[in-house]
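A closer look at the structure
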Amino acid sequence: MTVDLSLSTLADQVGACAVALRPLYELIERHVLAAERLHGDDTTVPILAKGQTMTGRVWVYVRDDRPFGGRDPPAALFYASRDRTRDPEGHLSGYAGILQADAFDGYNRLYLPDRKPGPIVEALCWSHARRKFFELADIAANARRVKTATPISPIALEAVRRIDALFDVEREINGLSAARRLAARQERSVPLVGALEGWMRAERVKLSRHAAVAKAIDYTVTRWPSFTRFLEDGRICLSNNAAERALRGLALGRKSWLFAGSERGAERAALMYTLLGTAKLNDVDPQAWLADVLARIADHPVHRLDELMPWNWAARRERRTLAA
């Protein structure tokens, strides 16, 4: 038998779940913001307004220490907002550490040396830099465009090849300790980066400032210290893919639900994405975890809420299975 439920009833149920689960969201928030290094990114979310939708944002900050051998569990923290205006300053107001992100200007005040509680270290994403060259060197995509195709840029092709060599090194050292990663980079990546910089600057002086490939080069060389910070710290990743992966589910789901019904709805979505995303990062079935947590959380002691975190919940369940 099927029961038709109104949209408002379903929304109320999600709202009630969000209220019950907020203590776990806050525990995940504290866990994420205690990290030595964060990945940050954002995406658009249409939010229903008077007779129209406005373009809101959903932000994600990911803690994942596994690439440098860290043992703390990974987690993804989502926030929702009306726009992009100075939001990272509020989200990260108490944070001091490394931030891996794109070159969005809204992060700039976080990097000021006199910032309290301390400056955040900027580490830019080589995937973003590579993408700008790849779009100018994508032979397959260019072939599909036919009449509107532009000539493949040999400089862009060479830039992609050189950046790919850096990613080859990173694949081999993923999961090693920060010290071992740094040692490998000093030996293998430093010469590659030095050659890349010299080649880019030499090619840039030959180009018009209006050339598309010149803009791709400028994006990288004008921010060179932030792009090359991974050569100084083994905890830093070459890319910001951890944050982009966390947002992928939202981007796919957005095609189904189209828009958030209100700002409060967007905030509830951010809370639920935090819980679901964190469960997935820890290889926990989100549905099984949430069903069990919702059945237990009302009677669960407040001082033992950490037992319900996905990684602790999974460990306890495994121990019970083994004991049985």
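Residues numbered from 1 in each chain as written. Predicted model: local features only at pLDDT ≥ 70, side-chain atom pairs only at ≥ 80, totals over all residues. Heavy atoms only, no water.

A short note on the nonpolar core
We apply this condition: By convention a nonpolar core is built from buried Ala, Val, Leu, Ile, Met, Phe, Trp, Tyr and Cys residues, the set being connected through side-chain atoms within 4.5 Å. Exposure categories follow from relative accessible area, calculated using a 1.4 Å probe and restricted to protein chains: below 20% of the type maximum is buried, above 50% is exposed, and the middle band is partly exposed. Numbering of helices and strands runs from the N terminus; a helix is a DSSP stretch of H or I covering at least four residues, while a strand is a stretch of E covering at least two. For this analysis, residues touch if any pair of their heavy atoms sits within 4.5 Å.
If you look at the biggest cluster of nonpolar residues, it comprises 37 residues, and the most contacted ones within it are L24, L99, L275 and W289. Counting only elements with at least two residues in this core, the list comes to α1 (7–33), β2 (52–63), β3 (75–81), β4 (98–101), α10 (263–281), α11 (286–296) and α12 (310–323). At seven residues, α1 tops the list of elements feeding residues into this core. Each residue touching L275, except ones within four places of it in the same chain, is listed here: L21, L24, Y25, I28, W289 and L290. Counting residues in hydrophobic clusters, the runner-up holds 30 residues, among them V160, F167, V213 and V221.

Some words on the packing of helix α5 (residues 154–173) against helix α6 (residues 178–204)
Condition: Note on geometry: axes are C-alpha line fits, over the in-contact stretch for helices, and angles between N-to-C directions span 0 to 180 degrees. Between 65 and 115 degrees an angle is taken as roughly perpendicular, under 35 as roughly parallel, over 145 as roughly antiparallel, and anywhere else as oblique. Classification convention: Asp, Glu, Lys, Arg as charged; Ala, Val, Leu, Ile, Met, Phe, Trp, Tyr, Cys, Pro as nonpolar; all other residues, Gly among them, as polar.
Between α5 and α6, whose axes approach to 10 Å, the crossing angle comes to 175°. With respect to α6, the axis of α5 lies roughly antiparallel. For the pair α5 and α6, the contacting residues are I155, E158, A159, R162, I163, A165, L166, V169, E170, E172 and I173 in the first and R181, A184, R185, R188, S189, L192, V193, A195, L196, W199 and E203 in the second. Of the residues assigned to the contact of α5 with α6, the class counts are 13 nonpolar, one polar and eight charged.

Focus: the packing of aromatic side chains
Worth spelling out the cut-off: Centre distance within 6.5 Å is the pairing criterion for rings of Phe, Tyr and Trp, where only the six-membered ring of Trp is used; planes under 30 degrees apart are then read as stacked, over 60 as edge-to-face, and the remainder as tilted. Two conditions define a charge located above a ring, namely a distance within 6 Å from the ring centre to NZ of Lys or CZ of Arg, and an angle within 35 degrees of the ring normal.
The tally for this structure, following the rule as stated, stands at eight aromatic pairs. Taking the centre distance of 6.1 Å and the plane angle of 40° together, the rings of W59 and F104 count as tilted. Here W59, found in strand β2, pairs with F104, found in the loop between β4 and β5 (121–124); they are 45 residues apart in sequence, far enough to count as distant. Through a chain of ring-to-ring contacts, the aromatic side chains of W126, Y219, W224, F227 and F230 assemble into a single cluster. Above the plane of the ring of Y219 lies K132, whose end atom (NZ or CZ) is 4.6 Å from the centre.

Structural notes on the side chain of T228
Put simply, the rule is: Polar contacts, as used here, are pairs of N or O atoms within 3.5 Å; protein pairs need one atom able to donate a hydrogen and one able to accept it. Residues neighboring in sequence count only if both atoms are side-chain atoms.
One can find T228 in the loop between α8 (224–227) and α9 (241–257). At 3.4 Å, the side chain of T228 forms a polar contact with the backbone oxygen of P225.

Digging into empty space enclosed by the protein
Note the cut-off: Definitions used for this entry: grid spacing 1 Å over protein atoms alone; cavity, a set of points where a 1.4 Å probe fits but cannot get out; pocket, an open set with protein on both sides within 12 Å along at least 5 of 7 lines; lining residue, one with an atom within 4 Å of a point. Grid points are joined across faces, edges and corners, and a volume is the space filled by probe spheres set on the points.
Summed over all chains, the structure comprises one cavity of 30 Å³ or more. Its boundaries defined by the atoms lining it, the largest cavity holds a volume of some 40 Å³. Residue lining of the largest cavity: V45, V58, L250, W257, A266, A269, A270 and Y273, and that is the complete set. Secondary structure elements with two or more residues in the lining of the largest cavity: α9 and α10. When grouped by side-chain class, the residues that make up the lining of the largest cavity number eight nonpolar, no polar and no charged.

Describing a nonpolar patch on the surface
Rules: Exposure above 30% relative accessible area and the lack of any salt bridge qualify a residue for a patch; like charges then connect within 9 Å, and the nonpolar side chains Val, Leu, Ile, Met, Phe, Trp and Tyr within 5 Å. Every accessible area reported is derived by Shrake-Rupley at a probe size of 1.4 Å, with residue values counting cover from the shown protein chains alone. Salt-bridge detection follows one rule: a side-chain nitrogen of Lys or Arg within 4 Å of a carboxyl oxygen of Asp or Glu.
A cluster of nonpolar side chains, M1, V3, L5 and L10, forms an exposed patch at the surface whose accessible area comes to about 480 Å². Note on placement: V3 falls in the segment before α1. A relative accessible area of 57% means that V3 is categorised as exposed.

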